[in-house]
Amino acid sequence: MRVWVTGAGAVVLLLHGIPTAHGLWHFVLPLLAEEFMCVTVDLPGSGVSSPARDGAGDPASHAEELDDLRRELGVTSWSPVGHDAGAVVALHYASRYPKNVDKLVLCSAPVLADFKVPRFFSLLRTRWLGEVLAPVASPLLWKIGMQASIRRRDPTIDQLVQSFARPFTGRGGSRRLLQLLRWGDPATVMGEAQRLLSTIDVPTLVLHGTGDRAIPVDFARRAAALVPDGRARTLPGGHFLPLEEPDRFTDEVHSFLHG
């Protein structure tokens, strides 16, 4: 798992979702690093990190690797901030290692049992069919799916999307994408995530874009209601708030961590 450390102060762990990478935090990082030590990673199989050695991509195994990283960095405790699937990993981490968590932020989080995997991903997850579709569908995922869903036009965003796509292009790229997308049965994974919400005993902020077309906006309110000390906030924007609304996103996280 590749890691980058920026800034100084209380520690924030930034966890991207699928199929992005640490570049998701490109605009947020310099703002948070003014007051926090920010740890960003490429989760296994994403960005420049190698796929998980045993083929496992489940959030519980990622949580274990992250706590190994915490010890390597000499960090006593930190505040995980997770986006999309990264929020599921952050949730598992906070439940498994509560003494090492100060606060928790879940953004655009598919952490309820009734989450429906987008049809595009469902087709790719299907055995044999996915192998046939992936070489053609993978380019469409970036050029049409992701770029069209990000509500901000910026040359830097185009470059970031290209960097997200790079590990999944060329020889072996389709296979790597399929391995990443096939991390467990969604109903089981999200059912477990919903169960974990009630076990979180640290202050938790759930952020969601009012225009998110991937995950229903009411997931934020419902998820926050299940956390003993949870609160929900919505921001104008779509699914990729750290890219679309970095200033507002950072303001909310900054206020919450200092509150």
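It should be emphasised that the depicted structure is a prediction, and the values quoted were computed from it without experimental measurement.

The topology assignment puts Leu 257 in helix α11 (residues 246–258). Linking Leu 257 and Ala 63, residues 194 residues apart in sequence, is a C-alpha distance of 21 Å. The residues contacting Leu 257, other than those within four sequence positions of it, are Val 12, Phe 36, Ser 79 and Lys 103.

Mapped onto the elements, Arg 176 comes out in helix α7 (residues 173–181). Of the side chains with opposite charge, Asp 42 lies nearest to the buried Arg 176, which makes no salt bridge, at 7.3 Å. Of the polar contacts made by the side chain of Arg 176, one reaches the backbone oxygen of Gly 47; its length is 3.5 Å. Dropping the residues within four chain positions of it, Arg 176 is found in contact with Gly 45, Ser 46, Gly 47, Ser 49, Ser 50, Pro 51, Pro 167 and Phe 168.

Here the focus is the layout of surface pockets. The volume enclosed by the largest pocket comes to roughly 720 Å³. In terms of lining residues, the largest pocket is bounded by 33 residues, among which Ile 18, Asp 84, Pro 118, Phe 121 and Ala 214 are the most central. The set of elements that each furnish at least two residues to the lining of the largest pocket consists of α4 (119–125), α5 (129–149) and α8 (186–197). Here the lining of the largest pocket takes seven residues from α5, the largest share from any one element. Residues that form the lining of the largest pocket fall into these classes: 22 nonpolar, six polar and five charged.

Our next topic: the packing of α5 against helix α6 (residues 155–165). At their nearest, the axes of α5 and α6 sit 11 Å apart, and the two run at 130° to each other. On the basis of the axis angle, α5 is oblique to α6. Note on packing geometry: the crossing formed by α5 with α6 is right-handed. Contacts from Trp 142, Met 146 and Gln 147 in α5 reach Asp 158, Val 161, Phe 164 and Ala 165 in α6. In terms of residue class, the contact of α5 with α6 is built from five nonpolar, one polar and one charged.

Topologically, Leu 205 is positioned in strand β6 (residues 204–209). Relative accessible area serves as the criterion here: at 2%, Leu 205 is assigned to the buried category. Along the primary structure Leu 205 and Phe 256 are separated by 51 residues, whereas in three dimensions their C-alpha atoms are 7.3 Å apart. Residues in contact with Leu 205, not counting those within four places in the same chain, are Leu 104, Val 105, Leu 106, Arg 231, Arg 233, Glu 252 and Phe 256.

Between its first and last C-alpha, α11 extends 18 Å over 13 residues, near the 18 Å set by a 1.5 Å rise per residue. Those residues of α11 that sit buried are Pro 246, Phe 249, Thr 250, Glu 252, Val 253, Phe 256 and Leu 257. Projected down its long axis, α11 shows its buried positions confined to an angular sector of 160°, all on one face. Exposed side chains of α11 directed beyond 90 degrees from the buried face belong to Asp 247 and Asp 251.

Calculation criteria
Residues numbered from 1 in each chain as written. Predicted model: local features only at pLDDT ≥ 70, side-chain atom pairs only at ≥ 80, totals over all residues. Heavy atoms only, no water. Helix = DSSP H or I, 4+ residues; strand = E, 2+ residues; numbered from the N terminus. Contact = heavy atoms within 4.5 Å. Buried < 20%, exposed > 50% of the residue type's maximum accessible area, 1.4 Å probe, protein only. Lys, Arg positive; Asp, Glu negative; His and termini not counted. Salt bridge = Lys/Arg side-chain N within 4 Å of Asp/Glu carboxyl O. Polar contact = N/O pair within 3.5 Å; in protein donor to acceptor, adjacent residues only side chain to side chain. 1 Å grid on protein atoms, 1.4 Å probe; cavity = no way out; pocket = protein on both sides within 12 Å on 5 of 7 lines; lining within 4 Å. Points joined across faces, edges and corners; volume = space filled by probe spheres on them. Nonpolar A, V, L, I, M, F, W, Y, C, P; charged D, E, K, R; others polar. Axes fitted to C-alpha atoms, helices over the stretch in contact; angles between N-to-C directions. Parallel < 35°, antiparallel > 145°, perpendicular 65-115°, else oblique. Left-handed = near helix turned anticlockwise from the far one by under 90°. Expected span 1.5 Å × (residues − 1). Arc of directions from axis to C-beta.

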